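Read off the chains here:
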Amino acid sequence: MIELLREAPMFSHLTDYQLQNIAAECTMSTFPAGTILFRENEMGTVFYIVASGAIKVFTSNLDGENKILSIFTRGDSFGELALLDGQPRSATAQVIEETTLLSLNGKNFNRLLRENIDIAFTIIKQLSTRLRTMNQHVHDLTYLGAKKRVMKALIQLASRHGSRSYKTIRIGVSLNYDELAQLAGVTKPLLFQVFQELQGKQILIFSENEFSIDLAKLKN
C-alpha cells in the first residue's frame, strides 16, 4: 500500500513514516465491473485512489445521455471535490473493469489537508487541471467536428493510458463502443463511421481488449 500511495502525485513527496500513517487510515476494496461508486448529486463522504483497474466519471442529462469526463487508472485519485466544498457530487463514478481502490473517509481526508500544506497545494493543482479539461470539453463540443473529437479522444486515451512501441500506441482500457462515444461526445453511428474510415486507412486497429493507433499513418 505504501508504494501505491507514493505513485499518487499528492503523496509522492511524503516520507515513509507519513505514508504509513496515511495507509493505516485507508481501506482497500475490490469492485466488479459496473459498480457505481457514487452518483451525481449524492453527498460525498469518501476520497479514492486507484490501485488497479479503471474508473469512468460521467454526467447525465435529462434524457439519460451520458458524457464521460475522465478515466482514472492506477495512481489516479478522485472524489475530493465534494469533500472540499460540502456540496453534492458533481458527477457519477462507475467501475469499468474489476478495480481495486484505496478509500479515505472525508473526515480523515480533510484533516490530512489541514496538516500538510503540500498535499493541499497538489489537490488545488489537480482541480485546476480538471477545470481546464472541462473548459476544453466545452470548446471541443462547440467547435470540433465528430471526426476530430473522436481522434482527440483516442489520442488523449493513448497519452494517459497507453504504451508506446516505436510509432504505435496500444490502449488497454476496456471501454465499449457506447463509452467511447460518450468520451468523444458523439453518437454511436458517428463513432462507427469514423472508426470505419480509420480502420480502412489502417490507422486504427482493434484486437482483443485493446486497440492501437499507428502514429506514422495518422500523420499522413
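Keep in mind that what you see is a predicted model, and the values were worked out from it rather than measured.

### What to know about the overall build of the protein
Looking only at helices and strands, the protein has nine helices and ten strands in total. When the 220 residues of the protein are sorted by exposure, 45% land in the buried category. Across the protein, 24 positive and 22 negative side-chain charges occur, with their mean positions spaced 7 Å apart.

### What about unusual backbone geometry?
In terms of backbone geometry, most residues other than glycine have negative phi values and most peptide bonds are trans. The backbone phi angle of Asn41 is positive, close to 80°, even though this residue is not glycine. Looking at where Asn41 falls in the secondary structure, it is placed in the loop between strand E2 (36-38) and strand E3 (46-60). Judged by relative accessible area, Asn41 falls into the exposed class, the value being 60%. In this structure, Gln202 takes a positive phi of about 60° despite not being glycine.

### With respect to the nonpolar core
Counting residues in each nonpolar core, the largest one holds 30 residues, and the members touching the most others are Val150, Leu154, Leu157, Ile171, Leu175 and Ile213. Only E3, strand E4 (66-72), helix H6 (146-161), strand E8 (168-171), helix H7 (177-184), helix H8 (188-200) and strand E10 (210-214) provide two or more residues apiece to this core. Take this core: its biggest share by element is seven residues, from H6. Counting residues in hydrophobic clusters, the runner-up holds 21 residues, among them Leu14, Cys26, Leu83 and Leu113.

### Comments concerning the side chain of Thr92
The residue Thr92 is located in strand E6 (residues 92-105) in this model. Since its relative accessible area comes to 6%, Thr92 is described here as buried. At a separation of 2.9 Å, a polar atom in the side chain of Thr92 contacts the main-chain amide nitrogen of Glu40. Non-local contacts of Thr92, meaning those with residues more than four positions away in its chain, are made with Ile36, Phe38, Arg39, Glu40, Lys56, Val57 and Phe58.

### Description of the sheet that holds strand E9 (residues 204-207)
If you walk across this open sheet you meet the four strands as E7-E8-E10-E9, and the pairing is antiparallel. The strands lining the two open edges of the sheet, one partner per strand, are strand E7 (162-165) and E9. Going from strand to strand, the sheet's axes swing by 20° on average, the running direction of each strand aside. Pairing geometry for E8 and E10, over four bridges, is antiparallel. In the strand pairing of E10, Arg170 is matched with Ser212.

### Some remarks on a nonpolar patch on the surface
Together, Ile117, Phe121 and Ile124 make up a nonpolar patch on the protein surface, roughly 310 Å² of accessible area in all. For Phe121, the location among the structural elements is in helix H5 (residues 117-143). Judged by its relative accessible area of 47%, Phe121 falls in the partly exposed class.

### A short note on the packing of H7 against H8
Between H7 and H8, the shortest axis-to-axis distance is 9 Å and the interhelical angle comes to 95°. By the angle between their axes, H7 is roughly perpendicular relative to H8. When H7 is examined against H8, the residues Tyr177, Asp178, Leu180 and Ala181 are found in contact with a partner set consisting of Lys188, Leu191, Phe192 and Phe195. Considered class by class, the residues forming the contact of H7 with H8 number six nonpolar, no polar and two charged.

The rules we used
- Residues numbered from 1 in each chain as written.
- Predicted model: local features only at pLDDT ≥ 70, side-chain atom pairs only at ≥ 80, totals over all residues.
- Heavy atoms only, no water.
- Helix = DSSP H or I, 4+ residues; strand = E, 2+ residues; numbered from the N terminus.
- Buried < 20%, exposed > 50% of the residue type's maximum accessible area, 1.4 Å probe, protein only.
- Lys, Arg positive; Asp, Glu negative; His and termini not counted.
- Charge placed at Lys NZ, Arg CZ, Asp CG, Glu CD.
- Core = buried A, V, L, I, M, F, W, Y, C linked by side-chain atoms within 4.5 Å.
- Polar contact = N/O pair within 3.5 Å; in protein donor to acceptor, adjacent residues only side chain to side chain.
- Contact = heavy atoms within 4.5 Å.
- Pairing = 2+ DSSP bridges.
- Axes fitted to C-alpha atoms, helices over the stretch in contact; angles between N-to-C directions.
- Patch = residues over 30% accessible without salt bridge, like charges linked within 9 Å, V, L, I, M, F, W, Y side chains within 5 Å.
- Areas by Shrake-Rupley, 256 points an atom, 1.4 Å probe, with all protein chains shown as cover.
- Salt bridge = Lys/Arg side-chain N within 4 Å of Asp/Glu carboxyl O.
- Parallel < 35°, antiparallel > 145°, perpendicular 65-115°, else oblique.
- Nonpolar A, V, L, I, M, F, W, Y, C, P; charged D, E, K, R; others polar.

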